[in-house]
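# Topology and contacts: notes
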Amino acid sequence: MAIALVGSQAVKGTGATPLTIVLPGNPTAGNFIAVVVGSSNAASTVASVNDSYTRAVRRDNTGPVSYVDIWYANIPAGGANSNSIVITATAATLIAGWAWEFSGVATSSPLDQFGGSSTTLSPGSLTPGVANELWISAASNLTNAPTVPASWTDGIAQLVTGVVHDDAAYLIESGSGAINPTWGGTPSAPCSVLASFN
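What counts as what
Residues numbered from 1 in each chain as written. Predicted model: local features only at pLDDT ≥ 70, side-chain atom pairs only at ≥ 80, totals over all residues. Heavy atoms only, no water. Phe/Tyr/Trp six-rings, centres within 6.5 Å; stacked < 30°, edge-to-face > 60°. Helix = DSSP H or I, 4+ residues; strand = E, 2+ residues; numbered from the N terminus. Buried < 20%, exposed > 50% of the residue type's maximum accessible area, 1.4 Å probe, protein only. Core = buried A, V, L, I, M, F, W, Y, C linked by side-chain atoms within 4.5 Å. Contact = heavy atoms within 4.5 Å. Pairing = 2+ DSSP bridges. Axes fitted to C-alpha atoms, helices over the stretch in contact; angles between N-to-C directions.

What follows concerns the packing of aromatic side chains. In the structure shown here, the tally under the stated rule is 5 aromatic pairs. A centroid spacing of 5.1 Å and a plane angle of 75 degrees characterise the contact between Phe 102 and Tyr 170, whose relative ring orientation is edge-to-face. Of this pair, Phe 102 sits in strand 8 (residues 94-103) while Tyr 170 sits in strand 13 (residues 164-172), and the two are 68 residues apart along the sequence. By relative accessible area, Tyr 170 is classed as buried at 10%. Each residue in the set Phe 32, Tyr 72 and Phe 197 is aromatic and connected to the rest through ring pairs, giving one cluster.

One finds Ile 70, Trp 100, Phe 102, Leu 134, Ile 136 and Phe 197 to be the most contacted residues of the largest nonpolar core, which totals 27 residues. Listing elements by their share of this core, those giving two or more residues are strand 3 (32-39), strand 5 (54-60), strand 6 (67-74), strand 8, strand 10 (134-142), strand 13 and strand 14 (191-197). Discounting residues that sit within four places of it in the chain, Ile 70 has contacts with Val 35, Val 36, Thr 54, Arg 55, Ala 56, Val 57, Ile 136, Ser 137, Val 193, Leu 194, Ala 195 and Phe 197.

The next thing to look at is the sheet that holds strand 7 (residues 84-89). Strand order in the open sheet made by the 3 strands is 2-7-4, with antiparallel pairing throughout. The strands lining the two open edges of the sheet, one partner per strand, are strand 2 (19-22) and strand 4 (43-47). When the angles between neighbouring strand axes are averaged without regard to direction, this sheet yields 20 degrees. Relative to strand 7, strand 2 runs antiparallel, the two being bridged by 4 bridges. By the bridge assignment, Val 22 is partnered in strand 7 with Ser 84.

Now the structure itself:
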């Protein structure tokens, strides 16, 4: 089955830890949920009432310190109130979060490729293990918002702190070529991440 975004199941939000972002509806059991976190202190857990999330990749910049993470829930149980996703951090911090629900992602070992950069708006080139994978990317930048790479679906940039801007996006690839996204904007203490799911 081809990977697809489930309806309008996408959300973003920002605030202090713990941050709760709420999908428009409860996710369907067996689907896949991707969550991106941008924060000034490292995120420690991402969870909902019925589901726990695994971190795929994290990068932090060279300062002032900001983190970007990609987390995922494989085969979420779904059910009542599972659309409320709670992000906590290692210390009091401001957090931005994005979440999407997808159908068609593998139900066993979905994480394929992952990487990132602590110094640039390009997380690097990765080659998927199979065709038509789901890609998630995010970037953090100081003083100006990163802009979404061409052909990616933008999660919309958020101001995490007074000067730190983060953004997240997804791409459902058609084919099996290497993916090498570059976020736009003038680099200023940037970092970026990339992960693929089959």
